[in-house]
Amino acid sequence: PFKKETRDKCVQFVCQDIRPYDTISGKGFTQLAQHLVDTAARIGKFDVCEILPHPTTVSRNVEMRAQSLHKHVVEEITATISKSGCAVTADIWTETYRKTSFLSATIHYVNEQSELHSRVLFAAPFDPSTSKTGENIRRHLLQNLRVFGIDATDMGKKIIFVTDRGANMISALREYTRLNCTAHILNVTLSSAFGTAIIEKSPEIASLLTDVKKLVTYFKHSGQQGKLKKSLKQSIETRWNSNFDMLNSVLEHYEDIASVLTESNNYDKIGRISISTLKLLVSFLKPFKEATDDLETDNTAPSASLVLPWSVRLIEHCTSATKDPLLSEIATVCVTRLKELLSADSTSSHSVHMLYKIATFLTPNLRGLRMLDERGRQNVIQGVKEMIEDLKFDHAHDEDVEPTPAKRPTVLHKFSDWEEEEESCGSKSLDVQIQEYRTMKLELSSQQNILQWWNSNSSQFPALSNLARFVLCIPATSAPSERAFSLCGRILEERRSVLKPSSVSDILFLHGNLK
């Protein structure tokens, strides 16, 4: 009876307040419900209206809670990044209702326990009268970072920015180390390959895309969608990998679609679609989808080390596809664009950034850099040495060094001039550390946490371990900032379109940092 009553009240709640069904399983809702249950257990039955605060009170306390949590976050961040460095993603978004533009930033770092952390810092509104020039973006970004104790100027090379390739963002961060969002590059590559001028040279591919789009539109508008186990997906130009999602959704349900269309005497809508061409195009696009998903990881595992291997793998994949007459035009453009933007060749002006190559080297299972030639491997090794020296990662932090306890003298101390000298791990030269790392017997499964491996081996490779904590915190894409804006879109819905911009930023900050 108790469960049925609770179920009925949940139904009543979502229907009366017009809330999504998954509100019931939301972390915030379940925590509130548990609090009310615990309170009743302590003080007995009470009128809930007497304890629930007024909406205005909640609104005021959102700001107060954000300010309180801000202090805690600043303490944690500044204690870590001054020593180990950090990465920041940034992006700009304009909301629909009042056309207010926001600049978002997320920070990524590895803490003392060798855990990768990603925090939403802010979605700071622009003054409506301020144009989005590089200079204004830089001023706005640096000013809001300072609020969190992050002075990008003082940090120098120990702060890395990851953004899209927008001209104003590039201009804003020209004085800092800025990496391109790899997912944007893959999207640009596919957009170029499937542009009108290229598709016109591949009439069979063009015809397939047109017919599949018409098929999906028919199912969505005719009410036939409900007869399929899963909904078909339409291609949307602004959505990454949407051509793959559309084509794959049709391929996966091809038999069901054919059955539904046969019943309604509309089989010609799928009959004109070549199943072999459909499979070929899905097979070609699938690695781009997989690469994007891997690179846009949920921030619980390093993604920087995947940029180089995925770049090489995609170029190989597209090069092979150029031999197929149907894919030749599209694949050739992909190869050209990928080499322009993500070449593994260190002599290229658009080579994969050295930081991402070093991240691959610092991933134990990929340390051999077998995707590069010998010259490329040596360039990365040299890059490792230069970065460690430049950022002083070869120097032990004084506060981390415990004094060595005095040894009790033994009879052997009388012959100390003949004893073997013991080399401490901390005194190993960088060359020795690198050589031992490259040749050691590896005991690391593909599932083991890379950062924890470096933490366990930090005494053997102190300089490399320090570098790993910095480089492996860098995200491969600016997706964290884009995810923050997706949340902003849920915060600023039609019924809350007059919410103050500062409140939007506070809610976003609390959502990303409350535990």
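Calculation criteria
- Residues numbered from 1 in each chain as written.
- Predicted model: local features only at pLDDT ≥ 70, side-chain atom pairs only at ≥ 80, totals over all residues.
- Heavy atoms only, no water.
- Pairing = 2+ DSSP bridges.
- Helix = DSSP H or I, 4+ residues; strand = E, 2+ residues; numbered from the N terminus.
- Axes fitted to C-alpha atoms, helices over the stretch in contact; angles between N-to-C directions.
- Contact = heavy atoms within 4.5 Å.
- Patch = residues over 30% accessible without salt bridge, like charges linked within 9 Å, V, L, I, M, F, W, Y side chains within 5 Å.
- Areas by Shrake-Rupley, 256 points an atom, 1.4 Å probe, with all protein chains shown as cover.
- Salt bridge = Lys/Arg side-chain N within 4 Å of Asp/Glu carboxyl O.
- Phe/Tyr/Trp six-rings, centres within 6.5 Å; stacked < 30°, edge-to-face > 60°.
- Buried < 20%, exposed > 50% of the residue type's maximum accessible area, 1.4 Å probe, protein only.
- Lys NZ or Arg CZ within 6 Å of the ring centre and 35° of its normal.
- Polar contact = N/O pair within 3.5 Å; in protein donor to acceptor, adjacent residues only side chain to side chain.
- UniProt positions renumbered as here; feature names shortened; annotations may be inferred.
- Domains from an automatic or database assignment.
- Expected span 1.5 Å × (residues − 1).
- Parallel < 35°, antiparallel > 145°, perpendicular 65-115°, else oblique.
- Left-handed = near helix turned anticlockwise from the far one by under 90°.
- Nonpolar A, V, L, I, M, F, W, Y, C, P; charged D, E, K, R; others polar.
- Disulfide = S-S within 2.5 Å.
- pLDDT = per-residue confidence, 0-100.

**Comments concerning the sheet that holds strand E1 (residues 86–94)**
Read across the open sheet, the five strands follow the order E3-E2-E1-E4-E5; overall the sheet is mixed. Two strands bound the open sheet, and with one partner strand each, they are strand E3 (116–125) and strand E5 (177–180). Here the average twist between neighbouring strands, direction ignored, is 25°. Note: E1 against strand E4 (residues 159–163), four bridges, orientation parallel. Across the sheet, Val 88 pairs through a bridge with Phe 161, a residue of E4. Together, E4 and E5 form the strand contacts of helix H16 (residues 354–361), whose direction differs from that of E5 by roughly 75°.

**Points about a nonpolar patch on the surface**
Together, Leu 32, Val 48, Ile 51 and Leu 52 make up a nonpolar patch on the protein surface, roughly 290 Å² of accessible area in all. With respect to the helices and strands, Leu 52 occurs in the loop between helix H2 (27–43) and helix H3 (55–84).

**Brief notes about the packing of aromatic side chains**
Evaluation of the coordinates by the stated rule reveals 15 aromatic pairs. Arranged with centres 5.0 Å apart and planes meeting at 45°, the rings of Tyr 437 and Trp 454 form a pair that is tilted. Taken together, the residues Tyr 437 in helix H18 (residues 430–439) and Trp 454 in helix H19 (residues 450–456) connect sequence positions 17 residues apart. For Tyr 437, a relative accessible area of 0% corresponds to the buried category. By relative accessible area, which is 1% here, Trp 454 ends up buried. A ring pair is formed by Trp 453 and Trp 454, whose centres lie 4.9 Å apart and whose planes are at 90°; its orientation type is edge-to-face. Side by side, Trp 453 and Trp 454 carry an identical accessibility label, which is buried. Members of the aromatic cluster, joined through ring pairs, are Phe 361, Tyr 437, Trp 453, Trp 454 and Phe 461. When the ring centre of Phe 126 is taken as origin, the NZ or CZ atom of Lys 132, which lies over that ring, is 5.3 Å away. Lying over the aromatic face of Tyr 437, Arg 367 brings its terminal NZ or CZ to 6.0 Å of the ring centre.

**Description of the environment of Asn 61**
By the secondary structure assignment, Asn 61 is in helix H3. One polar contact links the side chain of Asn 61 to the main-chain carbonyl oxygen of Thr 57, over a distance of 2.8 Å.

**Things to note about the pairing of E3**
With eight of ten residues buried, E3 is to be regarded as a mostly interior element. Between the antiparallel neighbours strand E2 (residues 101–110) and E3 lie five residues, among them Ser 114 with a positive phi of about 60°.

**What to know about the UniProt feature "domain: Hermes trasposase DNA-binding" (unreviewed entry) in the protein chain**
What UniProt calls "domain: Hermes trasposase DNA-binding" (unreviewed entry) maps, in this numbering, to residues 3–57. The straight-line gap between the two end C-alpha atoms of residues 3–57 is 32 Å; of that span, 62% is helix and 0% is strand.

**Some points on the pattern of salt bridges**
In the structure shown here, the tally under the stated rule is 13 salt bridges. Among the ionic pairs, Arg 138 bridges to Glu 135, the shortest N-O distance being 2.2 Å. Taken as a pair, Arg 138 and Glu 135 lie in helix H4 (residues 134–146) at a separation of three residues, close to a single helical turn. Judged by relative accessible area, which is 37%, Glu 135 ranks as partly exposed. Close ionic contact of Lys 289 with Asp 245 constitutes a salt bridge, the shortest N to O distance being 3.5 Å. Remark: Asp 245 occurs in helix H10 (residues 242–252) and Lys 289 occurs in helix H13 (residues 275–295); sequence separation between them is 44 residues. Each of Glu 135, Arg 138 and Arg 139 takes part in a single network of salt bridges with overlapping partners.

**A word on helix H20 (residues 462–471)**
Summarising burial for H20: nine of the ten residues are buried, a large majority. For H20, the full list of buried residues reads Ala 463, Leu 464, Ser 465, Asn 466, Leu 467, Ala 468, Arg 469, Phe 470 and Val 471.

**Here we look at the domain arrangement of the protein chain**
Structurally, the protein chain comprises domain 1 (1–52), domain 2 (60–181 + 479–514) and domain 3 (186–352). Distance from the C-alpha centre of domain 1 to the C-alpha centre of domain 3: 45 Å.

**Section: helix H22 (residues 501–513)**
Spanning 13 residues, H22 covers 18 Å between terminal C-alpha atoms, matching the ideal 18 Å at 1.5 Å per step. Among all positions in H22, only Ser 503, Val 504, Ser 505, Asp 506, Leu 508, Phe 509, Leu 510 and Asn 513 are buried. Looking at the buried residues of H22, the elements they touch are H3, E2, E3 and helix H21 (479–491).

**Comments concerning the packing of H21 against H22**
Two packed helices can be described by the angle between their axes and the distance between those axes. At their nearest, the axes of H21 and H22 sit 10 Å apart, and the two run at 125° to each other. Between H21 and H22, the angle falls in the class oblique. The hand of the H21/H22 crossing is right-handed. Where H21 abuts H22, its residues Ala 484, Leu 487, Cys 488 and Ile 491 lie against Val 504, Ile 507, Leu 508 and His 511. Looking at the contact of H21 with H22 residue by residue, the classes come out as seven nonpolar, one polar and no charged.

**A look at the environment of Ile 159**
If you trace the backbone, Ile 159 turns up in strand E4. If near-sequence neighbours (up to four positions away) are discounted, Ile 159 is found in contact with Cys 86, Val 88, Ile 150, Ala 152, Thr 177 and Phe 470.

**Quick word on the state of the cysteines**
Tallying each qualifying case throughout the model produces zero disulfides. The thiol of Cys 334 is not disulfide-bonded; the next cysteine sulfur, from Cys 318, is found 4.5 Å away. The exposure class of Cys 334 is buried, given its relative accessible area of 0%.

**Remarks on the environment of Val 307**
You can see Val 307 is positioned in helix H14 (residues 307–321). Judged by its relative accessible area of 0%, Val 307 is buried. Considering only alpha carbons, one finds Val 307 and Thr 477, 170 residues apart in sequence, at a separation of 9.5 Å. The contacts of Val 307, once residues within four sequence positions are left out, are Thr 182, Leu 295, Leu 342, Val 352, Tyr 356 and Ala 476.

**Regarding the confidence of the model for the protein chain**
Looking at the protein chain, pLDDT values average 88 and 91% of them are 70 or higher. Across residues 396–405, confidence stays below pLDDT 50; counting only partners more than four residues off in sequence or on other chains, it has four contacts.

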